[in-house]
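# Breakdown of the fold
Given next are the chains, with one letter for each unit.
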Amino acid sequence: MSFVSRSYERFAHLIHELAAFGTIGVLNFVITIGISDTLHLGLHVGPLTSFGVGTIVATTFSYFANRFWTFRHRDRSGLGREYVLFFVFNGVGLVITWVFIGFTHYVLGIHSGLAFNTSQIIGTGVATLFRYWAYKRWVFLPPTAPPVDPHTGLPETSDEETVRGDAALPPPRMPAGQAVKRGR
């Protein structure tokens, strides 16, 4: 078996996940740019508002596409919890892109369609890196993650951990030579 074959087998899951995420990202980008260009360049709505509206529409599509395609193999921790976190992280991504658009439009004073689209592309690229990391970390939990309480969004504890309390925690690490004093 060649190095390439072994490497592909080892990273096939990640390659497929990134390919699906990228495909959805391209579709979302088309949706976002289409709506924001129509609003800003066609109807003369402000650049930040135009991009915000486009992002909200694309985010709704993106959630369902990522949940049921890209991250379908991951645990489901509740549609409401995932959806709220997904929108929060997309909100952060929106702010990241707004920084690029706002800087270009308001600070540099460049108002052309090319500048608007270039700032959207660069901002979206930076925001995409953040979102991919955040989705994997907090929204679409890995199969080995503990179940999440749908009301609090926090990992559930097993009955055994609840009974033992903090006895399940490992003792604190102390520098060599110091004794650990335990008392209740």
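Residues numbered from 1 in each chain as written. Predicted model: local features only at pLDDT ≥ 70, side-chain atom pairs only at ≥ 80, totals over all residues. Heavy atoms only, no water.

The subject of this paragraph is the overall build of the protein. A count of helices and strands for the protein gives five helices and zero strands. What you see in the protein, going N to C, is helices and strands ordered as α-α-α-α-α. Looking at the protein alone, contacts between residues at least 24 apart form 66% of all its contacts between residues at least 6 apart. Approximately 11700 Å² of the protein is accessible, and the part contributed by carbon and sulfur atoms is 68%. (Helix = DSSP H or I, 4+ residues; strand = E, 2+ residues; numbered from the N terminus. Contact = heavy atoms within 4.5 Å. Areas by Shrake-Rupley, 256 points an atom, 1.4 Å probe, with all protein chains shown as cover.)

Bringing the pattern of salt bridges into the picture now. Applying the stated criterion across every chain, the model contains one salt bridge. For K136, the salt bridge is made with E17, and the minimal N-O distance between the two is 2.9 Å. You can see K136 sitting in helix 4 (residues 113-139) and its partner E17 sitting in helix 1 (residues 3-42), a full 119 residues away along the chain. A relative accessible area of 24% places K136 in the partly exposed class. Classification of E17 by relative accessible area gives buried; the value is 2%. (Salt bridge = Lys/Arg side-chain N within 4 Å of Asp/Glu carboxyl O. Buried < 20%, exposed > 50% of the residue type's maximum accessible area, 1.4 Å probe, protein only.)

Turning next to the environment of V92. The topology assignment puts V92 in helix 3 (residues 79-107). By relative accessible area, which is 33% here, V92 ends up partly exposed. Counting along the chain gives 39 residues from V92 to R131, while the straight-line C-alpha distance between them is 8.4 Å.

For any pair of aromatic rings, the description consists of the separation of the ring centres together with the inter-plane angle of the planes. Inspection of the entire model under this criterion finds 13 aromatic pairs. The interplanar angle of 25 degrees and the centroid separation of 5.5 Å between the aromatic rings of F89 and W138 together place this pair among those described as stacked. Here W138 lies in helix 4 and F89 lies in helix 3, a separation of 49 residues in the sequence. Classification of W138 by relative accessible area gives partly exposed; the value is 33%. The rings of F21, Y63, F64, F68, Y83, F86, F87, Y132 and Y135 are connected pair by pair, giving a single aromatic cluster. (Phe/Tyr/Trp six-rings, centres within 6.5 Å; stacked < 30°, edge-to-face > 60°.)

With 29 residues, helix 3 extends 40 Å from end C-alpha to end C-alpha; this agrees with the ideal 42 Å at 1.5 Å per step. Among the residues of helix 3, those classed as buried are R81, E82, F86, F89, N90, G93, L94, T97, I101, G102, T104 and H105. At the C-terminal side of helix 3, G109 shows a positive phi close to 70 degrees. (Expected span 1.5 Å × (residues − 1).)

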